[in-house]
Amino acid sequence: MRKLTTALLAGLVIATGASAALAADKTEISVSRFFGACEADYGSVTDVTKANGECGIITALINKFNAESKTTVVKPEIVEWPGYDQLTARIRSGEPPVISVMHEAVISDYSSRGLLEPLDEDFAKAGVDVNDMTDAARQGVTKDGKIYAMPFDTHTWLWHINMNLFKQAGLVDSAGKPILPKSTDELMQQAEQFKAKTGKPYFVWTLANETAFYTRTFDTLLYQQNANFFADPNKVNFSSPEAKKGLQLLTDLYTKGLTTKNQDYAASVSSFAAGDAGVFICGTWLIDTYDQEAKKSGALANGYAVTAFPQIYPGSPRVWADGHSWVLLKQDLSAAQRASAVEFMKFLWDNDFQWARTGHLPVRKSIIDSAEFKGLPHRGDIASLAVNGTALPAAVKRQFSIQDIEGEEVGSAIRGDKSVDQALGDAEHRINELLANTK
Amino acid sequence: MAASEQIVGRGIGNKVILASVIVVAIVWMLPIAWVLILSFKSNAELMISTGAAFHLPYTLKNYSDIFQTSGVFRWLWNSAVVSVGVTAGILILSSLAGYGFARAEFKGRDILFVLVLLGLAVPEQAVIIARHQMFSDLRMHNTYPAIILPGLSSAFGVFLMTQYFKAIPKDIDEAAMLDNASRFKIFWKVLLPLTVPAQATLGIFSFLGAWNDYLWPLISATKPEMFTITVGIASTQTNFAQSEGLGFLMAQAVFAGLPVFVVYLFFQKYIVRAVAGAAIS
Amino acid sequence: MTDVTLSPDKPTAAVRRPTGASIGPHWANALFVAPYLVFYVVLLVYPLFKGIWMSMLESDMFDNTSKFAGLANYYRLFNDKIFIGTIWNTTWFVAMTVPVFVTIGLLLALALNRSDRTSATLRATFFGTSVLSVTIVTIVWKMMYMPGNGAIAGVMRYFGWEPLDFITSATLALPAIAVTTVWWIIGLPMMLFLAALQQIPGELYEAAALDNAGRWRSFWSITLPSIRRTMLVVVIYEIVAQFQLFGQAWLLTKGGPNNASRPIVLFIYEQGFRSWNLGYAAAASEVLFLIMAIAAVAQFFASRKRVEG
């Protein structure tokens, strides 16, 4: 028994000793993030321009910071996406990370409980010009008049297009641009035409093991019809004719075989790359990945295009959006730790262009207007999203729980497990029940 | 035993049965073979199609990558510490309590034993919310004790050891008492060695239980350096990893499953005997 | 922990008993069970009662102003379609898996109850998957089930069939989890049955052979009655274990689609750590506890009757 205890202790000492040695002369701060682990490919890369994809770029950015900073060591802690269950458990345990990545949609859950530090003064001191933030970013990180996070990107819902298949389907105009629907009727007609000419479904949809796809797409259809479904932040309204129309459209597309079936996220990502369908409805983060794919010989060879979610309802071109941001968690931080945390956030702010290479929209007006950003592939096609990206009102609580419920119910209707009316009714009831019991 | 084998083994029916079990066993191993093959393919190829698994080229890069990413080794170590800790703790506590309940009389013992048995009906998940609050209030999460200690409250081991001690003939310890041995000495020197088969059974169950536990470490070990292998692998199993790093994910799964699988193959014989021991009691 | 193990030594020294232990009750004997009782009370009994108390509070993860709510959480639970659904799902899952564990476990044990090398290897094969952790098991099976990347879909497409939508179909999701679970831990019931079979005295079969009893008859009249106790152990153990389904469902389907595969424990986890409704989560745990307690009592009486009768 004594031997065992000694062995246990020895293990602890080795483990903590290694990190303690590093932190001896610099202040160490823990930074919890998702985006995946890719030290194998990028573990020693400090030249961010050589990195690609979300994981590669964030890994290289942190490497670069650690190599350059004279005062701070960032210890990255990689967690599951989106990781809020565990972050919650960890905050409750009294040992939160110093910094965590956080979707702007969930900031208010944590800020309203006093779990985050407001950052206005720190940013002013560090020289972060908050007036340079885009409107979407600034709104996303501002809760009750205070800034609670360093915004990192705005990400929205797009159409990734396989131009090779679009050509085959006769859906490319004389200027070489894809022909996109301007109404729901056109959408149906073009999708049928695509299927007839190519023998493949028009859409790749992520339907398995997933709620985000359903919610983001459905929300977008509601925004486009100007349906104000969260007029009261404590009560959702899905009983509108707009909600019914939107969900019926998605259901029709599915039942008419105009989408791929049963794919999970991974399968849908590869399915589009393999040329199984014409349009993949997914997010900004895949632009760079597919752009690289288009340079290879494959189904996407020289034939990748991307566009903002086309406006198919007469209402507005608005589209679902959210943003990644970095929050400072409330705890007993020394002045040095807090300074280090802000130093790291400022570094990310300064290097926001690099992050925008993933495909995400930058959070700084100066970058959006820069020639450098405009020079990136496809960015002209999606610039409108910086204006049209729409998030749920900040006062809506538990937005990730809502996303799960809404996505489950919308999915049930699309796959035919429930009628459209029942799914909308159940979603409304469950979300309102959740919000009624949420402080 | 030999006779029963002959009976079961008689006739040609026997060969048919064995052949069909072999077929089932091959099917049984297919999922693992599939993951194994995928782990030798590059991420880029798998992103287009997993059909690529059936042709060249194969690569060892996914495995060499594991050695460059810090996580897995640390998680394996954590799992080992936790599982050994839980196993040792359960064996010690259950042996003592089992002897106590079976042999060492004191006032109110039988009522106490019934109360402990009632604990068998309390699933871990039914107390998990309250336990999480307790460890939070004590600021103990993200430590080895926090992951290990809850496992020691399980009544199963006490029940098993009590049954086992009861099955040992009483004259053995009565003889020792006549020799003026103390209670603890009788327990330690005379009876405990007789319970080795039960210890092995309980030890194996406890070790596997702790190694495979998921829910409690998921909410208690929330710092990546404290993850057990189960939680750690789950944390890398993101959408991203499955689309753009599938080969690496498969290699990680193989690598994380390997140590305990090798240990299992090594101890296979004893495990069978141990489980057999459990059934006798 | 070292201190705890030494404590049973103390009584002998403290009460000065050089002449050895006496037969009959003595308070110091309680020190043998004391170390375990400390863990039992602190980590099981106390949280159980704390949980019951919490279930009657309107309590929240980060808000310390909990209000007494009486049975409001329970009232809400039984009007919550999702929660009722989880009870149904979990019960259905138990009903699907336990009989399979018993029959397949017993069949494998019967077929592999031999001492040759082949059987040993086969036993190792079927038990081997039990040592894998749930995360690895679900990765393995995701690679089987997924419509795009999955192996089963690939095979079905090869034969020109439409791949089955294991994970997205409300009817197939829970059975898919059940198959995964059986694959994962069939080894334990198999081993328990093997052990029981090896306890059956060979003379019984020899006698039967003299009577010219066929394989089938000796199975019914000798094997089955001899392993009745083990069968009961397997049934009880598996019912208790499968009611606590969590990891497979969480990692394979996240409880979907349409709540078709959400078990009770996942509901508890989501209410507690995602929606921060601790009181509500605690109430759901108490319902789980109640169901298990009823199952345990029922099993207890059933086993008594059968052993007697």
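As the structure is a computational prediction, the values presented were derived from the model and not from experiment.

## Quick word on the overall build of chain A
Working step 1: Along chain A, the regular secondary structure elements total 21 helices and 13 strands.
Working step 2: By the compact-globule yardstick of 22 Å for 439 residues, chain A fits well, its C-alpha radius of gyration being 23 Å.
Working step 3: Taking the principal axes of its C-alpha atoms as reference, chain A extends roughly 70 × 55 × 50 Å.
Working step 4: Here chain A, with 439 residues, has 62% of them falling under the buried criterion.
Working step 5: Taking the intrachain contacts of chain A between residues at least 6 apart in sequence as the baseline, contacts between residues at least 24 apart amount to 74%.
Working step 6: For chain A, the exposed surface amounts to about 15700 Å²; the carbon and sulfur share of it is 53%.

## Examining the interface of chain C and chain B
Working step 1: Between chain C and chain B, the residue contacts involve 107 residues of the former and 100 residues of the latter.
Working step 2: For the pairing of chain C and chain B, the buried interface totals around 9000 Å² over both sides, and the portion due to carbon and sulfur atoms is 74%.
Working step 3: When residues of chain C are sorted by the area they lose upon contact with chain B, F32, Y36 and R215 of chain C head the list and together hold 9% of the total.
Working step 4: Taken together, chain C and chain B are joined by 0 salt bridges.
Working step 5: At the junction of chain C with chain B, the criterion picks out 14 residue pairs in polar contact (both at pLDDT 80 or more).
Working step 6: No other element matches the 17 residues that helix α3 (residues 30-54) of chain C contributes to the side of chain C that touches chain B.

## Observations concerning a nonpolar patch on the surface
Working step 1: A grouping of I111, V114, L115 and L118 of chain B is seen on the molecular surface, where their side chains present a nonpolar patch of about 400 Å² in accessible area.
Working step 2: Locating L115 of chain B in the fold gives a position in helix α6 (residues 109-118).

## Things to note about the pattern of salt bridges
Working step 1: Overall, the coordinates contain 34 salt bridges over all chains when judged by the stated rule.
Working step 2: The partner of R131 of chain B in a salt bridge is E124 of chain B, with the nearest N and O atoms 3.8 Å apart.
Working step 3: Each of D85, D404, E408, E409, K418, D426 and R430 of chain A together with K81, R262, E270 and R274 of chain C takes part in one network of salt bridges that share partners.

## Brief notes about the environment of D276 of chain A
Residues and elements named next belong to chain A.
Working step 1: Inspection of the secondary structure assignment puts D276 in the loop between α12 (265-273) and β9 (279-283).
Working step 2: What makes D276 partly exposed here is its relative accessible area of 35%.
Working step 3: As for D276 and Y202, which are separated by 74 residues in sequence, their C-alpha atoms are 8.9 Å apart.
Working step 4: Among residues more than four places away in sequence, those in contact with D276 are K200, P201 and S271.
Working step 5: For D276, the side chain forms a polar contact with the side chain of S271, separated by 3.0 Å.

## Structural notes on the interface of chain C and chain A
Working step 1: Contact with chain C, which involves 34 residues of that partner, is made by 38 residues of chain A.
Working step 2: Counting the surface lost from both chain C and chain A, the interface buries some 3200 Å², and carbon and sulfur atoms represent 49% of this.
Working step 3: Here chain C and chain A share 6 salt bridges between them.
Working step 4: At the junction of chain C and chain A, the tally comes to 15 residue pairs in polar contact (both at pLDDT 80 or more).
Working step 5: Looking at the side of chain C that touches chain A, the elements that each hand over two or more residues are β1 (57-60), β2 (63-68), α5 (81-111), α14 (247-252) and α15 (264-274) of chain C.
Working step 6: For the side of chain C that touches chain A, the residue count by class is 14 nonpolar, 10 polar and 10 charged.

## What about the packing of helix α7 (residues 134-145) of chain C against helix α9 (residues 173-185) of chain C?
Residues and elements named next belong to chain C.
Working step 1: For the pair α7 and α9, interaxial distance at closest approach is 11 Å and the crossing angle is 125°. Classified by the interaxial angle, the pair formed by α7 and α9 is oblique. Considering how the two elements wind past one another, α7 and α9 form a crossing that is right-handed. Mapping the contact onto sequence places V134, V137, V140, W141 and Y145 in α7 and A176, V179, T180, W183 and W184 in α9.
Working step 2: Considered class by class, the residues forming the contact of α7 with α9 number 9 nonpolar, 1 polar and no charged.

## Here's the deal with the confidence of the model for chain C
Residues and elements named next belong to chain C.
Working step 1: With 90% of its residues at a pLDDT of 70 or more, chain C shows a mean pLDDT of 84.
Working step 2: Contacts for the low-pLDDT stretch residues 1-19, under 50 throughout, to residues beyond four places or in other chains number 25 contacts.
Working step 3: Across the interfaces of the predicted complex, the ipTM metric reaches 0.87, alongside a pTM of 0.89.

## So, the side chain of S94 of chain B
Residues and elements named next belong to chain B.
Working step 1: Relative to the elements of secondary structure, S94 occurs in helix α5 (residues 71-102).
Working step 2: Only 2.7 Å separates the side chain of S94 from the backbone oxygen of I90, close enough to count as a polar contact.
Working step 3: Residues contacting S94, with those up to four places away along its chain left out, are G157, V158, M161 and L202.

## Things to note about the state of the cysteines
All names here are of chain A.
Working step 1: Tallying each qualifying case throughout the model produces 1 disulfide over all chains.
Working step 2: With a sulfur-sulfur separation of 2.3 Å, C38 is cross-linked through a disulfide to C55. As the torsion about the S-S bond is roughly -115°, the C38-C55 disulfide counts as left-handed. Residue C38 is located in the loop between β1 (27-33) and α2 (39-42), and its partner C55 is located in helix α3 (residues 53-68); the two are separated by 17 residues in the primary sequence. The pair formed by C38 and C55 is uniform in burial state, with each residue classed as buried.
Working step 3: The cysteine C282 is free of any disulfide, with C55 supplying the nearest cysteine sulfur at 17 Å.
Working step 4: Note on C282: relative accessible area 2%, which makes it buried.

## Section: the nonpolar core
Working step 1: One finds I99, W326 and F344 of chain A to be the most contacted residues of the largest nonpolar core, which totals 240 residues.
Working step 2: By size, the runner-up hydrophobic cluster in this structure holds 84 residues, among which are A227, F272, Y304 and V319 of chain A.

## So, the pairing of strand β11 (residues 319-322) of chain A
The side chains of a regular strand alternate, residue by residue, between the two faces of the sheet.
Residue and element names in this part refer to chain A.
Working step 1: Strand direction decides the pairing type here: strand β7 (residues 155-162) and β11, joined by 2 bridges, are antiparallel. The partner of H155 across the bridge, within β11, is D322.
Working step 2: In the sheet, β11 pairs with strand β13 (residues 389-390) via 2 bridges, with the strands oriented parallel. Within the sheet, the bridge partner assigned to W320 lies in β13 and is T390.

## Considerations on the packing of aromatic side chains
Residues and elements named next belong to chain A.
Working step 1: Inspection of every chain in the model, using the stated rule, returns 67 aromatic pairs over all chains.
Working step 2: With 5.7 Å between their ring centres and 75° between their planes, W157 and W320 make a pair best called edge-to-face. Within this pair, whereas W157 is found in strand β7, its partner W320 is found in strand β11, the two being separated by 163 residues in sequence.
Working step 3: Residue W320 is classed as buried on the basis of its relative accessible area of 8%.

## Things to note about helix α2 (residues 13-38) of chain B
All names here are of chain B.
Working step 1: Its 26 residues place the ends of α2 38 Å apart at the C-alpha level, agreeing with the 38 Å of an ideal helix rising 1.5 Å per residue.
Working step 2: At L30, α2 shows its maximal bend, which comes to roughly 35°, and the proline P31 appears one to four places after that position.
Working step 3: All buried positions along α2 are accounted for by N14, L18, V21, A25, W28, P31, W34, V35 and L38.

## A word on the pairing of strand β2 (residues 72-78) of chain A
Residues and elements named next belong to chain A.
Working step 1: Within β2, 5 of the 7 residues are buried, which leaves the element mostly enclosed by the surrounding structure.
Working step 2: Looking at chain direction, β1 and β2 are connected through 7 bridges and run parallel. By the bridge assignment for β2, I29 is matched with V74.

Rules used throughout
- Here, residues in each chain are numbered from 1, in the same order as that chain's written sequence.
- Written order determines the labels here, with chains lettered from A and ligands numbered from 1.
- The predicted nature of this model means local features are confined to residues of pLDDT at least 70 and side-chain atom pairs, given and counted, to a pLDDT of 80 or more, with totals for whole chains, interfaces and linings taken over all residues.
- Computation of side-chain values covers all heavy atoms of the structure but excludes hydrogens and water.
- Under the DSSP-based scheme used, a helix requires at least four consecutive residues in state H or I and a strand at least two consecutive residues in state E, with every element numbered from the N terminus.
- For a compact globule the rule gives 2.2 Å times the number of residues to the power 0.38, and the radius of gyration it is set against comes from C-alpha atoms.
- Relative accessibility under 20% of the residue-type maximum defines a buried residue, over 50% an exposed one, and the middle range a partly exposed one, all with a 1.4 Å probe and only protein chains included.
- Contact between two residues is taken to exist if any of their heavy atoms lie within 4.5 Å; hydrogens are not considered.
- Areas reported here follow the Shrake-Rupley algorithm with a probe of radius 1.4 Å; residue values treat only the protein chains shown as occluding.
- Reported buried area values correspond to the accessible surface (1.4 Å probe) lost by two parts on association, with both partners' losses combined.
- Definition used for salt bridges: Asp or Glu carboxyl oxygen within 4 Å of a side-chain nitrogen of Lys or Arg.
- As used in this structure description, the phrase polar contact means that two N or O atoms lie within 3.5 Å; if the pair is within protein, one of them must be able to donate a hydrogen and the other to accept it, and residues adjacent in sequence are counted only when both atoms belong to side chains.
- To count toward a patch, a residue needs a relative accessible area above 30% and no salt bridge. Like charges then connect within 9 Å, nonpolar side chains (Val, Leu, Ile, Met, Phe, Trp, Tyr) within 5 Å.
- By the convention adopted, Pro, Cys, Tyr, Trp, Phe, Met, Ile, Leu, Val and Ala count as nonpolar, Lys, Arg, Asp and Glu as charged, and the other residues, Gly among them, as polar.
- Only the stretch in contact is used when fitting a helix axis, every axis being a line fitted to C-alpha atoms; angles between N-to-C directions are given from 0 to 180 degrees.
- To sort the angles, those under 35 degrees are grouped as roughly parallel, those over 145 as roughly antiparallel, those from 65 to 115 as roughly perpendicular, and the leftovers as oblique.
- Here a crossing is taken to be left-handed if its near helix is turned anticlockwise relative to the far helix by less than a right angle, and right-handed if that turn runs clockwise.
- pLDDT gives the predictor's per-residue confidence on a scale running from 0 to 100.
- The term disulfide is used for any two cysteine sulfur atoms that are within 2.5 Å.
- We define the nonpolar core as a collection of buried residues of types Ala, Val, Leu, Ile, Met, Phe, Trp, Tyr and Cys that are connected through side-chain atoms lying within 4.5 Å of one another.
- A strand pair is defined by DSSP finding two or more bridges across the two strands.
- For this analysis, a ring pair means two rings from Phe, Tyr or Trp (six-membered ring only for Trp) whose centres lie within 6.5 Å, classed as stacked if their planes differ by under 30 degrees, edge-to-face if by over 60, and tilted for the remaining angles.
- The span one expects for a helix is its residue count, reduced by one, times 1.5 Å.
- Bend, in this description, refers to the angle at a residue between axes fitted to the seven residues ending there and the seven starting there.

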